Every structure is written in C-alpha cells, then in structure tokens.
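Coordinate inspection notes
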Amino acid sequence: MLWRLKVSIAGRSIPVKAVGGDSFDYIADDDETKVGKAISNVSGKDLSGVMNAAMASGILQLSSKYQVELTQVMSDINVSLCEKWNRT
C-alpha cells in the first residue's frame, strides 16, 4: 500500500493480558503521499474488545476512503459502533 512513499512502517501491540480492545492502524491517502495513524482503546475486554477493535479498524479503513475530514471519519466510526451496540 505504501510503495510510492518508499517507506516501511511496522508496528507491534503487546497486550498486558491475553487480548483486548487496544489497536493501531495506518491509512494512506489515494495517491499515497500522506500517511496517517490511528491509535484506539476500544471498550470491551477479551474477545468482545477484539471484535470491537476489529470493527472500528474496518470502519476506519472504509470511511477514510470516502471522507476527507477527520471529524467525519470519527463520526462514521462512532455512529456505526453505537448502532451495533444498541442492537445487542
């Protein structure tokens, strides 16, 4: 994904316990000249936290392809996760 920038980006998350909702992600713009990072602490412990973090990451990737403003991306993530939590 970041081949035009000619950089390598790597990261590692080391959980205190087995698994949880902490995560990070990288986002490149369409022409791959800018890179953003997202660090999150999604609510939930154990597998529920992992699932919430995975959903947030997927929504982040999808929304960032269609939204220019960071505030709109964050709103998309918040609305989508709240809709999911309100159904359960």
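**Looking at the overall build of the protein chain**
Counting secondary structure elements, the protein chain contains two helices and two strands. Counting from the amino terminus, helix and strand elements in the protein chain follow one another as β-β-α-α. Sequence-distant contacts in the protein chain: of pairs separated by 6 or more residues, those separated by 24 or more amount to 46%. Summing over all exposed atoms, the protein chain offers an accessible surface of approximately 6800 Å²; the carbon and sulfur share of this is 57%.

**Some thoughts on the environment of Val42**
In this fold, Val42 is placed in strand β2 (residues 35–45). Taking the C-alpha atoms as reference, Val42 lies 7.9 Å from Ser23; in sequence the two are 19 residues apart.

**Some thoughts on the confidence of the model for the protein chain**
Taken over all residues, the pLDDT of the protein chain has a mean of 77, while the share at 70 or more is 80%. Per-element mean pLDDT across the protein chain ranges from 75 in β2 up to 84 in helix α2 (residues 70–87).

**Describing the nonpolar core**
In this structure, Ile27, Val42, Ala53, Ala56, Leu60, Val73, Ile77 and Leu81 together form the largest nonpolar core, which totals eight residues. Residues within four places of Val73 in sequence aside, it is in contact with Leu60, Ser63, Ser64 and Gln67.

**Here's the deal with the environment of Ile27**
By secondary structure assignment, the location of Ile27 is in strand β1 (residues 20–28). Among the residues examined, Ile27 registers a relative accessible area of 18% and is labelled buried. A sequence separation of eleven residues divides Ile27 from Ala38, and the C-alpha atoms of the two residues are 7.9 Å apart.

**A closer look at a nonpolar patch on the surface**
A surface patch of nonpolar side chains, about 210 Å² in accessible area, is lined by Val7, Ile9 and Val35. Along the chain, the position of Val7 falls in the segment before β1.

About the thresholds
Residues numbered from 1 in each chain as written. Predicted model: local features only at pLDDT ≥ 70, side-chain atom pairs only at ≥ 80, totals over all residues. Heavy atoms only, no water. Helix = DSSP H or I, 4+ residues; strand = E, 2+ residues; numbered from the N terminus. Contact = heavy atoms within 4.5 Å. Areas by Shrake-Rupley, 256 points an atom, 1.4 Å probe, with all protein chains shown as cover. pLDDT = per-residue confidence, 0-100. Core = buried A, V, L, I, M, F, W, Y, C linked by side-chain atoms within 4.5 Å. Buried < 20%, exposed > 50% of the residue type's maximum accessible area, 1.4 Å probe, protein only. Patch = residues over 30% accessible without salt bridge, like charges linked within 9 Å, V, L, I, M, F, W, Y side chains within 5 Å. Salt bridge = Lys/Arg side-chain N within 4 Å of Asp/Glu carboxyl O.

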